[in-house]
Amino acid sequence: MKTGERNRYTAVTNWERLGSWFVFLFFLTAICVISSSYFTNLVSPQHGYQSWEISEWLINYEGGFVRRGIVGQILYAFEQMHLYDVRIAIKLLYILSSVIILLILYRVFKAEGWSPVLLPTGLCLGYTLFNLWGRKDFMMLALAFAIFLCYRAAVTRHGKRAWILLYILSALQLLAHEASFFFTYPILMLYSYSIYRKSGMTCSRSAVKTLICFLPVLVIMAVVCLFKGDKSVADAIWSSWGKVFAAYPDAGGVSHVGSSVQALGWNAVSTFKYHFHSAYFGTTSSSPLHVILTLFVILSAYYLLTRIDCISMGKSKSNHLNHTLLSDIALVQFIALLPMFTVLSCDWGRTLPYWVLSSLFFYHVFKQEEVTFPYCLTKPSRAIQGFISGNRLLRSPITYLLLVLLTPVPNYYAPLDHINTIQQGFYYEIVNFINHITTILA
């Protein structure tokens with residue numbers, strides 16, 4: 001451990017504490033101000049069955065086995081027993097998952113002594129907390145946290161029950177949404193491999209043992225990728241909800257298959273191209289500036305994540321955080337999530353939290369277990385974190401708070417391609433409010 005990576009509690013200056021509270025409250029205020037027009041409101045009756053927010057939860061197995069269908073099948077089973085408005089059930093599920101993720105974060109941040117200043121930003125909860133746009137994200141992240149705990153119990157206590165529970169939770173997680181594989185299992189498999197290597201096993205035997213341990217997970221992932229769905233499956237799924245659509249119609253009617261269900265039949269190649277182009281180049285001007293801004297957001301996210309102990313909102317702060325370990329974890333998670341950051345999604349407001357929150361969860365659960373990563377990861381981590389620690393500007397709380405405040409984390413597409421950042425939304429809402437008041441007074 002390098003000097004400066006583990007220090008005792010240090011005092012926090014008044015300006016630092018006030019600055020942290022200002023940034024934290026700014027994002028809370030901004031979210032409240034723009035929620036009526038920029039975010040989806042949980043109590044709004046305008047959620048149509050065809051929207052992305054609702055239709056993803058409706059995917060079930062009535063058209064045959066297909067990815068993302070387990071939650072929809074459970075909702076459908078209850079619908080067969082008693083007809084109900086499935087949209088209310090979906091909203092209740094999302095409220096519950098939001099509460100659960102808040103409780104987990106409270107536990108983690110309190111235990112680690114971290115400031116919550118990053119939480120209301122687009123890197124964590126800014127676009128998805130109590131907002132149906134997040135869909136199943138919090139459910140997946142909460143299950144990832146539980147799976148991390150199960151794995152730690154399995155390898156430290158050699159408990160069969162922990163392995164069984166891990167496999168059950170893994171099946172539920174992957175059948176709910178296969179994207180959860182990327183931020184949950186590659187890092188666990190790498191950790192498992194390192195454990196076998198430290199026990200004296202050869203590289204090949206360690207790899208085989210790791211594959212055997214995670215074989216059920218890999219089989220489930222392979223199956224959901226194979227049964228990705230098509231148009232006929234999408235049509236069958238949509239038809240299965242006909243009674244609900246008739247008994248509880250929405251304002252816009254149901255003229256076509258919902259967006260998320262329809263996406264089951266999308267062409268893979270064209271979808272990949274669309275996601276990559278819109279995520280990095282945007283959908284309007286396709287300016288190279290969008291690429292630069294996107295890369296800046298990623299670099300800023302890495303810095304803000306790995307230096308999360310840089311500031312505090314209390315009277316003292318703890319610098320006990322192992323920056324090199326957290327950097328290793330962040331790099332592994334970033335590499336594992338590259339499919340989501342390139343061709344599988346363009347919703348940065350959902351995928352960046354996968355990276356940030358899962359990295360913090362893994363660090364919290366395994367930091368005491370002497371986690372070791374390959375030297376090819378640890379070497380750059382030590383170099384980068386050493387450079388940050390040795391640079392007065394980069395280790396400054398002012399720099400950290402400014403980056404939290406100004407980093408243009410987009411909800412979707414490239415930064416500033418649309419009005420797609422919290423900062424933009426807040427600015428335009430204030431301008432509209434001033435114009436409205438000016439019109440009234442005139």
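Residues numbered from 1 in each chain as written. Predicted model: local features only at pLDDT ≥ 70, side-chain atom pairs only at ≥ 80, totals over all residues. Heavy atoms only, no water.

### With respect to the overall build of the protein chain
Alright, step 1. Counting its secondary structure elements, the protein chain contains 20 helices and 2 strands.
Alright, step 2. Its C-alpha atoms give the protein chain a radius of gyration of 23 Å, near enough to 22 Å, the size a compact globule of 442 residues would have.
Alright, step 3. Along the three orthogonal principal directions, the C-alpha set of the protein chain runs to about 75 × 65 × 40 Å.
Alright, step 4. Out of the 442 residues belonging to the protein chain, those deemed buried represent 55%.
Alright, step 5. Sequence separation of at least 24 residues holds for 77% of the intrachain contacts in the protein chain that already meet a minimum separation of 6.
Alright, step 6. Computed over 33 positive and 20 negative side-chain charges, the separation of the two mean positions in the protein chain equals 12 Å. (Helix = DSSP H or I, 4+ residues; strand = E, 2+ residues; numbered from the N terminus. Rg over C-alpha atoms; globule rule 2.2 N^0.38 Å. Buried < 20%, exposed > 50% of the residue type's maximum accessible area, 1.4 Å probe, protein only. Contact = heavy atoms within 4.5 Å. Lys, Arg positive; Asp, Glu negative; His and termini not counted. Charge placed at Lys NZ, Arg CZ, Asp CG, Glu CD.)

### Points about helix α10 (residues 231-240)
Alright, step 1. Of the residues making up α10, those classed as buried are Val233, Ala234, Ile237, Trp238 and Ser240. Across the axial projection of α10, the buried residues extend over an arc of 160°, all falling on one side. Facing away from the buried side of α10, by more than 90 degrees, are the exposed residues Lys231 and Ser239. (Arc of directions from axis to C-beta.)

### A short note on empty space enclosed by the protein
Alright, step 1. If you walk through the whole model with that rule in mind, you get 1 cavity of 30 Å³ or more.
Alright, step 2. Estimates place the volume of the largest cavity at around 70 Å³.
Alright, step 3. Taken together, 13 residues line the largest cavity, and the ones lying closest to its centre are Phe27, Thr121, Gly122, Thr407 and Val409.
Alright, step 4. Elements with a contribution of two residues or more to the lining of the largest cavity: α19 (397-406) and α20 (422-441).
Alright, step 5. A per-class count over the lining of the largest cavity returns 9 nonpolar, 4 polar and no charged. (1 Å grid on protein atoms, 1.4 Å probe; cavity = no way out; pocket = protein on both sides within 12 Å on 5 of 7 lines; lining within 4 Å. Points joined across faces, edges and corners; volume = space filled by probe spheres on them. Nonpolar A, V, L, I, M, F, W, Y, C, P; charged D, E, K, R; others polar.)

### A word on the side chain of histidine 290
Alright, step 1. In this fold, histidine 290 is placed in helix α14 (residues 288-306).
Alright, step 2. The class for histidine 290 is buried, based on a relative accessible area of 5%.
Alright, step 3. Excluding anything up to four places from it in sequence, histidine 290 contacts Tyr280, Phe281, Gly282, Thr284, Ser285, Ala414, Pro415, Leu416 and Asp417.

### A word on the environment of tyrosine 84
Alright, step 1. Locating tyrosine 84 in the fold gives a position in the loop between α3 (70-81) and α4 (86-112).
Alright, step 2. With a relative accessible area of 17%, tyrosine 84 lands in the buried category.
Alright, step 3. For the pair formed by tyrosine 84 and alanine 247, sequence separation is 163 residues and the distance between their alpha carbons is 8.3 Å.
Alright, step 4. Not counting the four nearest positions on each side in its chain, tyrosine 84 is found in contact with Leu75, Phe78, Glu79, Ala89, Val244 and Tyr248.

### Side note on the packing of aromatic side chains
Alright, step 1. Going through the model one piece at a time under the given rule, you end up with 38 aromatic pairs.
Alright, step 2. When the centroid spacing of 5.2 Å and the interplanar angle of 80° are considered together, the rings of phenylalanine 26 and phenylalanine 426 count as edge-to-face. With phenylalanine 26 in helix α1 (residues 14-38) and phenylalanine 426 in helix α20, the pair connects residues that are 400 residues apart, well separated along the chain. Per residue, the accessibility class of phenylalanine 26 equals that of phenylalanine 426, and both read buried. (Phe/Tyr/Trp six-rings, centres within 6.5 Å; stacked < 30°, edge-to-face > 60°.)

### A word on the packing of helix α7 (residues 180-198) against helix α8 (residues 203-213)
Alright, step 1. Relative orientation of the contacting elements α7 and α8 amounts to 135°, with a least axis distance of 9 Å. Judged by the angle between their axes, α7 and α8 are oblique. Between α7 and α8 lies a crossing whose hand is right-handed. Facing Met189, Ser192, Tyr193, Tyr196 and Arg197 of α7, the residues of α8 in contact are Cys203, Ser206, Ala207, Lys209, Thr210, Leu211 and Cys213.
Alright, step 2. Taken together, the residues of the contact of α7 with α8 sort by class into 7 nonpolar, 3 polar and 2 charged. (Axes fitted to C-alpha atoms, helices over the stretch in contact; angles between N-to-C directions. Parallel < 35°, antiparallel > 145°, perpendicular 65-115°, else oblique. Left-handed = near helix turned anticlockwise from the far one by under 90°.)

### Re a nonpolar patch on the surface
Alright, step 1. Taken together, the side chains of Val33, Ile430, Phe433, Ile434, Ile437, Ile440 and Leu441 make up a nonpolar region of the molecular surface, amounting to roughly 650 Å² of accessible area.
Alright, step 2. Looking at which element gives the most residues to the nonpolar patch, the answer is α20, with 6 residues.
Alright, step 3. Of note, phenylalanine 433 is situated in helix α20.
Alright, step 4. Here phenylalanine 433 falls in the exposed class, since its relative accessible area comes to 51%. (Patch = residues over 30% accessible without salt bridge, like charges linked within 9 Å, V, L, I, M, F, W, Y side chains within 5 Å. Areas by Shrake-Rupley, 256 points an atom, 1.4 Å probe, with all protein chains shown as cover. Salt bridge = Lys/Arg side-chain N within 4 Å of Asp/Glu carboxyl O.)

### Side note on the layout of surface pockets
The rolling of a water-molecule-sized probe over the atoms marks out the regions of remaining empty space.
Alright, step 1. The space that makes up the largest pocket amounts to roughly 880 Å³.
Alright, step 2. Contributing to the lining of the largest pocket are 34 residues, with Arg67, Arg68, Thr271, His275 and Leu344 lying nearest its centre.
Alright, step 3. Elements with a minimum of two residues in the lining of the largest pocket: α9 (215-226), α13 (268-280) and α17 (348-366).
Alright, step 4. Looking at which element gives the most residues to the lining of the largest pocket, the answer is α13, with 5 residues.
Alright, step 5. Across the lining of the largest pocket, the residue classes break down as 20 nonpolar, 6 polar and 8 charged.

### A few points about the confidence of the model for the protein chain
Alright, step 1. For the protein chain, mean pLDDT is 91; residues scoring 70 or higher make up 93% of the total.
Alright, step 2. Within the protein chain, strand β1 (residues 10-11) has the poorest average pLDDT of any element, 57, and α17 the best, 98.
Alright, step 3. Across residues 1-9, confidence stays below pLDDT 50; counting only partners more than four residues off in sequence or on other chains, it has 19 contacts. (pLDDT = per-residue confidence, 0-100.)

### Describing the packing of α8 against α9
Alright, step 1. Packing of α8 against α9 brings their axes to within 4 Å, and their N-to-C directions diverge by 65°. Of α9, the residues touching α8 (which contributes Leu211, Ile212 and Cys213) are Leu215, Pro216 and Leu218.
Alright, step 2. Classifying every residue of the contact of α8 with α9 by side-chain character gives 6 nonpolar, no polar and no charged.

### Section: the pattern of salt bridges
Alright, step 1. Per the stated rule, a full pass over the model turns up 10 salt bridges.
Alright, step 2. A salt bridge links aspartate 235 to lysine 231; the shortest N-O distance between them is 3.0 Å. Residue aspartate 235 and its partner lysine 231 are both found in helix α10; the two are separated by 4 residues, about one turn of the helix.
Alright, step 3. Of the charged contacts, one joins arginine 350 and aspartate 347 as a salt bridge, the two residues approaching to 3.4 Å between their closest N and O atoms.
Alright, step 4. Assessed through its relative accessible area of 7%, arginine 350 is described here as buried.
Alright, step 5. For aspartate 347, a relative accessible area of 11% translates into the label buried.
Alright, step 6. A single salt-bridge network, built from bridges that share partners, covers Glu56, Arg67, Arg68, Arg135, Asp137, Glu178, Asp347 and Arg350.

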